[in-house]
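Okay, here's what each chain looks like letter by letter:
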Amino acid sequence: AEYMGIHFSHSRSSALAWMHSLSATLAVMGVALVLGALGFVSKQPAQIARYTHAAHSFEAPFHSAGGSAIRFWDYGGSTVVTTTFIRLTPDKPSRAGFVYNVDACVVHNWEVTVEFKIHGALKKSFGDGIGFFYIKDDLPKIGAGPVFGAPDRFTGLGVFLDTFDNNNDKRTPLVQVMIGDGATPYDRSDGFRTKAGECTAQYRSLAHPTRMRVTYDKGVLSVAMDLKGAGEFVDCVVLEDVDLPLGYHFALGSVTGDVHDTHDIYAFHLVALGGTNPLQDGAEPNRVPAVKDAHTDTAGAPKALGGGDGSSTFWVVLIVILVLALVAMIGYVLSLSWRTSRKRF
């Protein structure tokens, strides 16, 4: 028989030969897809081990250990350590407090998650907020300073959770990044002239603690906020080509003035990301921190973010599905071939 130029044989041997040929072709395609999938997966970048660095972390419960209520950390000013949280300032005017990591950080790439809560009785005007620092300055020696607990001309990284609206522009609460060079004073107009990047986020007076995640990985600095308290981090600031020398200290600080708030810290976790940092390898250790590029975004409302690039997983799953489909087809063809061999033509 012939249909559209294709000749079909009614003989038993021809049908069997065609089915075996199709089975062999499908088997070869299946093997090729499997090998391709294995090659694709093998070319994906290896996952670098991540681990929490105990010497740069803390969490409740807090208790006396080696002369300090927070192991590896010192504190001063108005800071009070309770069993369940660290209070940098009470809801009172003219207070300043800090916690300071006594071990210098020599981790090249890291991710820090801070759990905090800012709340108070004042409804219209309050402040000033909390500062996250990776800083060269010795806070236990010099004491709490006016810039969220740090000195005015600090050296290092500052991420400010600024709740006081100095400019009356209704843009607070702010999350703002400053790279301190040790010479430039903080701009008291909500950091307008000294910021490297910022976003807005409503983290004050929430019923639950808020999480901020600061990541420094191969020269890229990013700040994200979890406003829901459910692990859903919203990107806030991303800065490229950020040069932070090794050997600085982590710190948290807060100050109040005529306006005030309660500033509480619940946990500080540093995860070492592994790998090296091209901006630090072979660089002058006494160089000044710097940033070359900046990008800011608004994170006024929390939104769910994807958990990284899922393209690799998608293609692997797709290939597995195709391979399983081919295996099913091969099984069907072989079964049909067996049944055909038992028939009489």
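Scroll up to find the structure.
What counts and how
- Residues numbered from 1 in each chain as written.
- Predicted model: local features only at pLDDT ≥ 70, side-chain atom pairs only at ≥ 80, totals over all residues.
- Heavy atoms only, no water.
- Salt bridge = Lys/Arg side-chain N within 4 Å of Asp/Glu carboxyl O.
- Helix = DSSP H or I, 4+ residues; strand = E, 2+ residues; numbered from the N terminus.
- Buried < 20%, exposed > 50% of the residue type's maximum accessible area, 1.4 Å probe, protein only.
- Pairing = 2+ DSSP bridges.
- Axes fitted to C-alpha atoms, helices over the stretch in contact; angles between N-to-C directions.
- Polar contact = N/O pair within 3.5 Å; in protein donor to acceptor, adjacent residues only side chain to side chain.
- Contact = heavy atoms within 4.5 Å.

Student: I would appreciate a short explanation of the pattern of salt bridges in the present structure.
Tutor: Two side chains carrying opposite charge are able to pair once their charged atoms lie near each other. Under the criterion given, the structure shown has ten salt bridges. For arginine 87, the salt bridge goes to aspartate 264, with nearest N and O atoms at 2.7 Å. Within this pair, whereas arginine 87 is found in strand E7 (residues 86–89), its partner aspartate 264 is found in strand E18 (residues 262–272), the two being separated by 177 residues in sequence. For arginine 87, a relative accessible area of 25% translates into the label partly exposed. Given the relative accessible area of 1%, aspartate 264 is considered buried. A salt bridge links aspartate 243 to arginine 287, with the nearest nitrogen and oxygen atoms 2.8 Å apart. Here arginine 287 lies in the loop between E18 and strand E19 (290–296) and aspartate 243 lies in strand E16 (residues 234–243), a separation of 44 residues in the sequence.

Student: How do you make sense of the sheet that holds strand E10 (residues 129–135) when you look at a structure like this?
Tutor: Pairing between the strands of a sheet is mediated by backbone hydrogen bonds and can be parallel or antiparallel. The strand order across the open sheet built from seven strands is E5-E8-E17-E10-E11-E12-E13, with neighbouring strands paired in antiparallel fashion. Pairing within the sheet leaves two strands with one partner each, and these edge strands are strand E5 (73–77) and strand E13 (197–200). On average, adjacent strands in this sheet sit at an angle of 15° to one another, irrespective of strand direction. Bridging between E10 and strand E17 (residues 249–255) involves seven bridges; their strand directions are antiparallel. Considered in E17, the bridge of isoleucine 130 is made with serine 254.

Student: Would you mind going over the side chain of aspartate 226 with me for this structure?
Tutor: With respect to the secondary-structure elements, aspartate 226 resides in strand E15 (residues 220–226). Separated by 3.0 Å, the side chain of aspartate 226 and the backbone nitrogen of glycine 229 make a polar contact. From its side chain, aspartate 226 meets the backbone nitrogen of glycine 231 in a polar contact 2.8 Å long. Discounting chain neighbours no more than four positions away, the residues touching aspartate 226 are Thr210, Arg211, Gly231, Glu232 and Phe233.

Geometric values such as these leave the question of function open.
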